[in-house]
Amino acid sequence: MPIQYKDSIMEATKHCRSSASIFDVSHMLGSSIRGKDAVAFTQRLVVGDIAGLKPGTGTLSVVTNEQGGIIDDTVVTKVTDEDIYIVLNGACSEKDQAHINKHLAEWKAKGKDVDFVVHGDRSLLAFQGPKAVDVLQPLTDLDLSKLYFGMFTETTIAGKPVWLTRTGYTGEDGFEISLLKSDTVHLTKTLLENPAARMCGLGARDSLRLEAGLCLYGNDLDETISPLEAGLTWTIGKSRRDACDFVGGDAIKKQLAEGVARRRVGLKFTGKGAPARGGSKIFTPEGEEVGHVTSGGFSPVLGENIAMGYVAKGKAKAGTELLVETRGKRTPAVTAKMPFVTCHYHRPA
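Since we're looking at a predicted model, the values are computed, not measured. (Residues numbered from 1 in each chain as written. Predicted model: local features only at pLDDT ≥ 70, side-chain atom pairs only at ≥ 80, totals over all residues. Heavy atoms only, no water.)

A.B. asks: How would you summarise a nonpolar patch on the surface if you had to cite specific residues and measurements?
C.D. replies: Residues Met 1, Ile 3, Tyr 5 and Leu 202 make up a contiguous nonpolar surface patch of about 330 Å² in total accessible area. One can find Met 1 in the segment before α1 (9–18). (Patch = residues over 30% accessible without salt bridge, like charges linked within 9 Å, V, L, I, M, F, W, Y side chains within 5 Å. Areas by Shrake-Rupley, 256 points an atom, 1.4 Å probe, with all protein chains shown as cover. Salt bridge = Lys/Arg side-chain N within 4 Å of Asp/Glu carboxyl O. Helix = DSSP H or I, 4+ residues; strand = E, 2+ residues; numbered from the N terminus.)

Structure representation (structure tokens):
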């Protein structure tokens, strides 16, 4: 995915918030865990309650290491009880596959019926924005009004078979479309025939996800950060919190009982200054260093600088006054609830 197409990052961000944007996210690792033991194996890898999902629904979850740190964040969809569809980050592809295959070998040695399949013959398009559904509906016989956020189905779009999930990484309504590589150009061109649709690049994708308060792996999440520290405790299924029978569960169970020393927060700037970037130090007004920025930039929609980062637990309450150091200058900021913009997900009334 390029940084941008013909639109500026500012224009592309605003277009996605008001219309419909196509992101080629084929670098993501589309994969499936299949077999009679697919659900149990997936629950060993991630913290979510996959067993409790209805077929055709999914959830955001995280893959954890032995210390409870996050190896990757992922959307996990239960297609059926024997078919779990997982989309992993492209940049984490090698380590994710190594981690999954390590545990897969252990399960197979015990006679379990489970396989890990990487979909190397498929591409992935994200089609996001309030007009995405209007552009897509004439191209399919599926009633999209009945496909709610987090739901998955197999259908046909513009005459091509696809796996369609109502989800995304922008905070807007939209879809992720998995399809054969040979069909990708055809579908992209068909979508672009509608004047509401435009191609969108990596620059706007980053602005959009930051405005929506969504984490970027490698910036806001890594193997030293736990789900609780990241503000992702909700991804840990309530039915799983007693046993915590997933990789790293002992460490996370202890954190659930005792709490954590740092938390991810949003930051809105009350003074003028350069946009904060990853690594910018965070201080109290008295000069005590209490954290650092992990993602930051200018919000095209809000017209102001925003950021997220990690601060000591006592400084995480919304409205806490802080200073963020960028280019040697400390700019006043306050911790803020996320998302920074209102998100629009298609849910039942």
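A.B. asks: Help me get a handle on the packing of α1 against helix α6 (residues 202–211), residues and values and all.
C.D. replies: Relative orientation of the contacting elements α1 and α6 amounts to 55°, with a least axis distance of 8 Å. Taken together, the axes of α1 and α6 lie oblique to each other. Here α1 and α6 pass one another in a crossing that is right-handed. In contact with Ile 9, Ala 12, Thr 13, Cys 16 and Arg 17 of α1, α6 contributes Gly 203, Ala 204, Ser 207, Leu 208 and Glu 211. (Axes fitted to C-alpha atoms, helices over the stretch in contact; angles between N-to-C directions. Parallel < 35°, antiparallel > 145°, perpendicular 65-115°, else oblique. Left-handed = near helix turned anticlockwise from the far one by under 90°. Contact = heavy atoms within 4.5 Å.)

A.B. asks: Can you lay out the pairing of strand β5 (residues 83–88) for me, pointing to particular residues and giving the numbers?
C.D. replies: Most of β5 is tucked away: 6 of the 6 residues are buried. Here β5 shows no split at all, with Asp 83, Tyr 85 and Val 87 on one side and Ile 84, Ile 86 and Leu 88 on the other all buried. In terms of strand pairing, strand β4 (residues 70–80) meets β5 through 5 bridges, oriented antiparallel. Bridged to Val 75 within β5 is Val 87. From the end of β4 to the start of β5, which pair antiparallel, there are 2 residues. (Buried < 20%, exposed > 50% of the residue type's maximum accessible area, 1.4 Å probe, protein only. Pairing = 2+ DSSP bridges.)

A.B. asks: Provide a residue-level description of the pattern of salt bridges, including the pertinent values.
C.D. replies: In this structure the tally under the stated criterion is 15 salt bridges. Residue Glu 172 is joined to Arg 17 by a salt bridge in which the shortest nitrogen-to-oxygen separation is 3.1 Å. With Glu 172 in the loop between β9 (160–165) and β10 (174–180) and Arg 17 in helix α1, this residue pair connects regions lying 155 residues apart in the sequence. Sharing partners across several salt bridges, the network here consists of Arg 17, Glu 172 and Glu 211.

A.B. asks: Pulling in residues and values, what's your account of the sheet that holds strand β13 (residues 281–283)?
C.D. replies: Taken together, the 6 strands give a closed barrel; going around it, the order is β12-β15-β14-β13-β16-β17, and neighbouring strands pair in antiparallel fashion. Direction aside, the axes of adjacent strands within the sheet are offset by 40° on average. Pairing between β13 and strand β16 (residues 321–326): 3 bridges, direction antiparallel. Counterpart to Ile 282 in the pairing with β16 is Val 324. Relative to strand β14 (residues 289–299), α6 is tilted by about 125°, and along the sheet it contacts β14 and β15 (304–312).

A.B. asks: Pulling in residues and values, what's your account of the packing of aromatic side chains?
C.D. replies: In the structure shown here, the tally under the stated rule is 4 aromatic pairs. Summarising the aromatic geometry, the rings of Phe 41 and Trp 107 are spaced 5.3 Å apart at their centres and angled 70° between planes, so their arrangement reads as edge-to-face. One end of the pair, Phe 41, is in helix α2 (residues 38–45); the other, Trp 107, is in helix α3 (residues 93–109), and 66 residues separate them in sequence. Their ring planes at 35° and their centres at 4.3 Å tell us that Phe 149 and Tyr 345 sit as a pair that is tilted. You can see Phe 149 sitting in the loop between α4 (132–136) and β8 (152–157) and its partner Tyr 345 sitting in the segment after β17 (329–336), a full 196 residues away along the chain. What makes Phe 149 partly exposed here is its relative accessible area of 29%. The partly exposed category is assigned to Tyr 345, whose relative accessible area is 25%. An aromatic cluster is built from Tyr 85, Phe 152 and Trp 163, whose rings are joined through pairwise contacts. (Phe/Tyr/Trp six-rings, centres within 6.5 Å; stacked < 30°, edge-to-face > 60°.)

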